[in-house]
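# An overview of the molecular structure
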Amino acid sequence: MTDKTGQCMCGAVTFSARDVPDHFSACHCEMCRRWSGSALLAVHVPVEGVTWKGEAHIRTLQTSDWAERAFCQRCGTPMYYHLTVDGYGPENYSIPLGVFDETTGMTMTLESFVDCKAGGLAYAENGREQVTRADTLATYGMPGD
Ligand SMILES: [Zn+2]
Ligand SMILES: [Zn+2]
């Protein structure tokens, strides 16, 4: 775990985050695919450790009954996925890997909705956990992401 900083493409939104894990996950669900353009690679950071600047430029959209997605209203960069319901563990921001300034040494430890991934997309094997849509739904009891 380290402290990290990041920003959107245009720089209107920046953040600093404490206790950022050195691992991230990939989600291939239809919504994350469309939101990110391929697969959402996200680092799960405790909400209380993140300080946002330029918050006036952050727009959130409730994208399902249980989650919202946030983006910079100036440049469109996805900034975080956030559960809006309780009962699924600690409250995190799932912040896209690509918006962090420094990601050296980080590894992918989970790939979900692997049966929904975009054609031709294959990450290097490293022994990470891989789960299907059905696995994910069974774990969380949600109809999708
Ligand atoms: Zn921006
Ligand atoms: Zn997803």
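Look above for the structure.
Residues numbered from 1 in each chain as written. Chains lettered and ligands numbered in written order. Predicted model: local features only at pLDDT ≥ 70, side-chain atom pairs only at ≥ 80, totals over all residues.

With that settled, the discussion passes to unusual backbone geometry. Backbone geometry places Asp 19, a non-glycine residue, at a positive phi of 55°. Taking the number of C-beta atoms within 10 Å as the measure of exposure, Asp 19 has 13 and is therefore partly exposed. Phi is positive for Phe 113, close to 55°, though the residue is something other than glycine. Among the structural elements, Phe 113 can be located in the loop between β10 (107-112) and β11 (129-130). (Buried ≥ 20, exposed ≤ 12 C-beta atoms within 10 Å, placed from the backbone. Helix = DSSP H or I, 4+ residues; strand = E, 2+ residues; numbered from the N terminus.)

Attention now goes to the sheet that holds strand β1 (residues 2-7). Taken together, 3 strands build an open sheet; the order of strands is β1-β2-β5 and the sheet is antiparallel. On the outer flanks of this sheet lie β1 and β5 (50-53), each paired with one strand and no other. Across the sheet, the mean angle separating the axes of adjacent strands is 15° when strand polarity is ignored. The pairing of β1 with strand β2 (residues 14-20) spans 5 bridges and is classified as antiparallel. Paired with Thr 5 across the bridge in β2 is Ser 16. (Pairing = 2+ DSSP bridges. Axes fitted to C-alpha atoms, helices over the stretch in contact; angles between N-to-C directions.)

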